[in-house]
Amino acid sequence: MKQRITTLSMLLLVMSLSVTAQFKLIGKGPSFEEPEKGYDKLLLLKNGKTAYIHAESSGLRVKIFGADYKQAGIGLINSTQGKLSELNVEGIFESGGNIVALVSEYEKNVPILYRFVIDGNTGRKISEDKIAQMQKESIGSVFANAFGVPVADFLVRKDPSSDHYVVAVFNTGTSESDKRLEFITYDGTHKEISRSYMSSPENKFKYVNLLDLAILPNQEVFAFIYVYNTESKGGKENDLLMAAFKPGDQEVAYTNMNLDEKDLVTDGIMKYNPAMKKLIAMTCVKEKTKRKGDTYSTYYDFPMYFIDPTNKNIQTHAGLSLDAVDKKHRELFGSKDGYAGILQNLYIHNDGGYTVILEGLRTVTTTKTVDQYYGSLAVLNYGMNGSLKSSALIPKSQEYNNNALSGGGVSFGWGASAARKTMKKTISMLYHRDRDWMGSMLGGGNQYKSFAYLSGPSKDYVLINDVDDNEELIRKGKLKTIMGVSACDGFSFVTNGNDVLPARSYVFGAPKDKDHTMAVFSVSDYDPNSNVYVTLRLEVDGRDKKVRVVWLQPE
């Protein structure tokens, strides 16, 4: 009898934990029609206002909300220089007190990058400039991307502690090897500071893959690059390099990261840690791919490096510590392979500590479709000395709608444009890192899937939309895969506590009857100084779907 009472008490405790609110609603704006395509982004501005930016081929729509949560400005921005066809958002951030939106398009298969500067008080356009352009893409160059040639792209990064930002023009299609990478740096007034080209060292490598960028407060730029040759192009070899240059430098300084020649690097991430006064860089090294029927699972290793930007000294980290997450995953699901995930993001904390987040990815390939599933999260919290402080496992399963019928993808076609769009049908590694800069792409309901992360005053959180049934199913070693999201609610999890499997809490309260409440957490923003989190909440009334900007305060 005593054991039954204890079990019942524990069940009640779990139930109470799952309904305790961790976020307090402090404000909400007026509702408006839910956008279903394009890109969305929310920004908490330094002037105390909030900006909502929606971008699609018809232009940019901006809403400004005051500190009283009322709409204070609106801007409908059309391009006067381009058509914004095949629009991609490359970066949206605040600089110089205003909003900067860097948007690319393909004009007759020519990639072009425009910069819109938008007033942070009114939402109206201040200026529009074409700041970069590449050569025309051919159908051959686009299909070459499917066979490992890096995709031509624009990459945008901003220094978190200043208004400086850098734009990389990654022109993989050019025949001039010394013109494949161009870096343009700007200050807070959007004045160009420097413009530099970077070639492969000694022109030794044919292929260059730009993994990530970082610009420091002193305007020095660091580029994290993977260079390689194939057996048919110069002999099979590879290297991992750090390229550094300051404004005015005529030559690029290279630092060799001493990569094992057997390592196949598919992606990477790099951020500056001000407390450590070092760059933290991580790579995704492909280990193996396993197939079971139509399901493919790829396994990676994630080497980590600490780089002193002054003397370029490199310290290699021992690697990620997944033991606690792996053990809990086996306890729950009995998987022979344990936990497996791909790198999604790296967060730097004010005290010099940092958090690494991995996400499971499963790909099911048939003769007609490529279906992908976002899997469980592993959240690893490290101190400034590189020691693991805590681990958290967030079990989840969400199907990515990547077909034309769902609205989440495109249909196949012919030509460079169709080939580019087809390549974007699948989830890429580090999409979460890219989303921090670009905003969330809308389509097929995918914007309601995946996850958001924030580090509060004392607690760190992961937020997802999920069904309530998974609370009990997870403890039985099962998971319901989220395909449609109509039955989902918003949940939060504390990821820096003592529990490897943290309890879930409703973000907006428990549902009443069939009234579920979720949010587009993927477009959110958080200001640690005011401890305010802003997101886009979905509100459904019958067939009428609307959204509204809401402001929350983490406990």
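Refer to the preceding data block for the structure.
Summary of the structure given here. This one's a predicted model, so the numbers in the text were calculated from it and none came from an experiment.

Reading guide: rules and limits
Residues numbered from 1 in each chain as written. Predicted model: local features only at pLDDT ≥ 70, side-chain atom pairs only at ≥ 80, totals over all residues. Heavy atoms only, no water. Pairing = 2+ DSSP bridges. Helix = DSSP H or I, 4+ residues; strand = E, 2+ residues; numbered from the N terminus. Axes fitted to C-alpha atoms, helices over the stretch in contact; angles between N-to-C directions. Contact = heavy atoms within 4.5 Å. Buried < 20%, exposed > 50% of the residue type's maximum accessible area, 1.4 Å probe, protein only.

### Observations concerning the sheet that holds strand β5 (residues 59-65)
Okay, so step 1: Strand order in the open sheet made by the five strands is β6-β5-β4-β3-β29, with antiparallel pairing throughout. Looking along the sheet, the strands with just one partner apiece sit at the ends: β6 (71-77) and β29 (440-442). Pairs of neighbouring strands in the sheet enclose a mean axial angle of 20 degrees, with direction left out of account.
Okay, so step 2: As paired elements, β5 and β6 share six bridges and run antiparallel to each other. What sits directly across from Val62, in β6, is Gly75.
Okay, so step 3: Here helix α5 (residues 431-438) sits on the sheet and contacts β3 (38-44) and β29; the angle it forms with β3, its principal contact strand, is near 70 degrees.

### Quick notes on the pairing of strand β31 (residues 460-466)
Okay, so step 1: By the criterion of burial, β31 is predominantly enclosed, with seven of the seven residues buried.
Okay, so step 2: Hairpin connection, strand β30 (residues 452-455) to β31: the antiparallel pair is bridged by four residues.
Okay, so step 3: For β31 and strand β32 (residues 489-494), the ladder comprises six bridges, and the chain directions are antiparallel. From the neighbouring strand, Ile464 faces β32, where its bridge partner is Phe491.

### Some words on the environment of Asn313
Okay, so step 1: Along the chain, Asn313 falls in the loop between β22 (304-307) and β23 (314-316).
Okay, so step 2: For Asn313, a relative accessible area of 48% translates into the label partly exposed.
Okay, so step 3: It is 8.7 Å that separates the C-alpha atoms of Asn313 and Thr255, two residues lying 58 residues apart in sequence.
Okay, so step 4: Non-local contacts of Asn313, meaning those with residues more than four positions away in its chain, are made with Phe306, Ile307 and Asp308.

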